[in-house]
Amino acid sequence: MEHTDKLKALGLFDARVPRYTSYPTAAVFSPQTGAAFQARALAALDPAVPVSVYLHIPFCERLCWFCACHTQGTRTLGPVDAYIGTLETELALLRRTLPAGIRMGRLHWGGGTPTILPPHLIHRLAKAVRGVFTPDDAFEFSVEIDPTMVDRAKIDALAAEGMTRASIGIQDFDPEVQAAIGREQPFEVTRACVEDLRAAGITSLNTDLVYGLPHQTQARIADTIAKVQSFAPDRVALFGYAHVPWVSKRQKLIPEEALPGDLDRYRLATLAAEMFTEGGLVPIGIDHFARPGDELEVAARTGRLRRNFQGYTADSCQTLVGIGASSISRFPGGYVQNAPATAAYIQRIEAGGLAGARGHEMAGEDALRARAIELLMCDFRLDLADLRAEFGAPAMALAPLLPQIAARFGDLVTLEGECIAILPEGRSLTRIVASVFDDHVPDGVRYSRAS
Ligand SMILES: C[S@@+](CC[C@H](N)C(=O)[O-])C[C@H]1O[C@@H](n2cnc3c(N)ncnc32)[C@H](O)[C@@H]1O
Ligand code: SF4
């Protein structure tokens, strides 16, 4: 049997499984875990341990058709300005709820498009965040940047506020692919953005690419990658296009007949991975690459890689405080998501309460299974001895699953003693293997494809 036939038989092209940026996934969150849980969890934080902070800006000037992020279009700054006011109110509420003296080790501004903010709003927002969370000594501040929606003044404002890493959205440089995903982004504009970032002293650069887009071919993705390599990024995220028009209505504008077929999509991912690896980047987890010596590469090499809502991270912090519409907070005891729709979020904050609308309180084997899934997604191996060291004897509840995985995935995995490992040729199935540990399969939810 051809290798791809074997992968296909194991579900590569048909399985619909989560990306496991959390476990349980947001699809199983319930309204029973909301603002009251959020308030208790925030108040119980230990001020001696720095937290990570995620802040969401749900606005874009253009709405790319392929995009599945929580965002809305706006042509004027009015709603954005008003939203910054709501964020300030939420931050004031957090300040009243959190123990005094809380510090942040990491801050990430995501979206949507954080760089829709003009310099004066960047400064206003950064000041409001610092008023609640004091930056720790080794503070890191990363920002998602749309190269077509940024200029030198915005970059300088972000740099002045301490931005250490810029994450730029690229997806694909080919004009026909860009037209089919409703996202025009000339290479020259992107290059000018990278030059501005370097000139402003930003030393860490991540680029986001997507494979599996309409009209994408091997030659086109190879050309995109060569252009990306000319920027010498420290990190690359190479996401498989998640076509979920039943969730993200604007994806109905994507010409489905122009999407690459299963095998072509697989070959696009394989070619991209080969090119990045030959270019000197190290593959990290299922969809990232990093320069040797980059914090992510060091974390992966030393078994300290973690997974959070942004994907892979070297951030070991247990607590992530989410701010803004749709943001998810992670606490040792569970998750809570702010109201996803911007209007509903604003309403909750203006009514004087926290914005947590749905979540999940960890119970039973949740934390154990979450760690098992994270280890597989990060390290492609799971040693029950490691889980026992962390969770004690209850870790053995997962022991029967290891021979089941070995029997199902055959020579794509190894089982030695109580350690299961996914071999390089089976790694495209990692999400499917991880799903064996998932005990929360929700009714009626359709995830994106596994490959
Ligand atoms: C908030 S966006 C990027 C920031 C900025 N707004 C921009 O467009 O440059 C985050 C990233 O998610 C990825 N993404 C969005 N929708 C996706 C989808 N349907 N499938 C796979 N990746 C997707 C894209 O790579 C995108 O750059
Ligand atoms: S890719 Fe970026 S700019 Fe485009 S819609 Fe998504 S968040 Fe907005």
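Note that the structure is a prediction, hence the values are computed from the model and not measured.

Draft legend 1. The nonpolar core, seen in detail. Leu94, Trp109, Leu117, Phe133 and Leu197 are the most contacted members of the largest nonpolar core, which has 78 residues in total. In terms of residue count, the dominant contributor to this core is helix H3 (residues 78-97) (7 residues). Leaving out residues up to four positions away in the same chain, Leu117 has contacts with Ile57, Val80, Ile84, Trp109, Ile122, Leu125 and Lys154. If you look at the next biggest cluster of nonpolar residues, it comprises 43 residues, including Phe13, Ala299, Leu376 and Leu412.

Draft legend 2. A look at the UniProt feature "binding site: S-adenosyl-L-methionine 1" (unreviewed entry) in the protein chain. As annotated in UniProt, the feature "binding site: S-adenosyl-L-methionine 1" (unreviewed entry) corresponds to Tyr54, Gly111, Glu144 and Ile328 in the numbering used here. Checked against the element boundaries, Tyr54 lands in strand E1 (residues 51-57). We classify Tyr54 as buried; its relative accessible area is 9%. If we ignore the near neighbours within four places in the chain, the residues touching Tyr54 are His108, Gly110, Gly111, Gln310, Leu320, Val321, Gly322, Ile323 and Ser327. Classification of Glu144 as partly exposed rests on a relative accessible area of 22%. Residues within four places of Glu144 in sequence aside, it is in contact with His108, Trp109, Gly110, Gly111, Gly112, Pro114, Thr115 and Ser167.

Draft legend 3. Broad picture of the site of ligand 1. Taken together, 20 residues are adjacent to ligand 1, and Gly111, Gln171, Arg183, Asp208 and Ala242 come closest. At 3.1 Å from a nitrogen atom of ligand 1 is found a main-chain nitrogen or oxygen belonging to Ala68. Within the backbone of Gly169, a nitrogen or oxygen atom sits 3.5 Å from an oxygen atom of ligand 1. Here ligand 1 loses 90% of its free accessible area of 570 Å² to cover by the protein chains. Listing elements by their share of the shell around ligand 1, those giving two or more residues are strand E5 (134-145), strand E6 (165-171), strand E7 (204-211) and strand E8 (235-240). A class-by-class count of the residues in the shell around ligand 1 yields 9 nonpolar, 7 polar and 4 charged.

Draft legend 4. Representation of helix H8 (residues 218-229). In a regular helix each residue adds 1.5 Å, so 12 residues correspond to 16 Å; H8 covers 16 Å between its end C-alpha atoms and thus fits that length. Taken together, the buried positions of H8 are Ile221, Thr224, Ile225 and Val228. Down the axis of H8, the buried set is contained in an arc of 95°. They therefore lie on one face. Contacts made by the buried residues of H8 are with E6, E7 and helix H9 (262-278).

Draft legend 5. Representation of unusual backbone geometry. Cis geometry is found at the peptide bond from Tyr23 to Pro24, where omega equals -10°. By secondary structure assignment, the location of Pro24 is in the loop between helix H1 (3-9) and helix H2 (35-43). In this structure, Gly112 follows Gly111 across a cis peptide bond, with omega equal to 15°. Relative to the helices and strands, Gly112 resides in the loop between strand E4 (103-111) and helix H4 (119-130). Phi is positive for His215, which is not a glycine, with a value near 65°. Structurally, His215 can be placed in the loop between E7 and H8.

Draft legend 6. Local environment of helix H7 (residues 187-199). Counted at 1.5 Å a residue, the expected span for H7 with its 13 residues is 18 Å, and the 18 Å between its end C-alpha atoms agrees. Residues of H7 that are buried: Phe187, Thr190, Cys193, Val194 and Leu197. Taken down its axis, H7 places every buried residue within 125° of arc, on the same side. Just past H7, the residue Gly201 takes up positive phi, approximately 90°.

Draft legend 7. The sheet that holds strand E17 (residues 381-383), seen in detail. The strand order across the open sheet built from 3 strands is E17-E19-E18, with neighbouring strands paired in antiparallel fashion. Edge positions in the open sheet fall to E17 and strand E18 (413-416), since each of these has one partner strand only. Across the sheet, the axes of successive neighbouring strands diverge by a mean angle of 10°, strand direction being ignored. The pairing of E18 with strand E19 (residues 419-422) spans 4 bridges and is classified as antiparallel. Across the sheet, the residue bridging to Glu416 is Cys419, located in E19. Against the sheet, helix H12 (residues 366-379) contacts E17 and E19, and its axis sits at roughly 135° relative to E17.

Rules used throughout
Residues numbered from 1 in each chain as written. Chains lettered and ligands numbered in written order. Predicted model: local features only at pLDDT ≥ 70, side-chain atom pairs only at ≥ 80, totals over all residues. Heavy atoms only, no water. Core = buried A, V, L, I, M, F, W, Y, C linked by side-chain atoms within 4.5 Å. Buried < 20%, exposed > 50% of the residue type's maximum accessible area, 1.4 Å probe, protein only. Helix = DSSP H or I, 4+ residues; strand = E, 2+ residues; numbered from the N terminus. Contact = heavy atoms within 4.5 Å. UniProt positions renumbered as here; feature names shortened; annotations may be inferred. Near = heavy atom within 4 Å. Polar contact = N/O pair within 3.5 Å; in protein donor to acceptor, adjacent residues only side chain to side chain. Areas by Shrake-Rupley, 256 points an atom, 1.4 Å probe, with all protein chains shown as cover. Nonpolar A, V, L, I, M, F, W, Y, C, P; charged D, E, K, R; others polar. Expected span 1.5 Å × (residues − 1). Arc of directions from axis to C-beta. Pairing = 2+ DSSP bridges. Axes fitted to C-alpha atoms, helices over the stretch in contact; angles between N-to-C directions.

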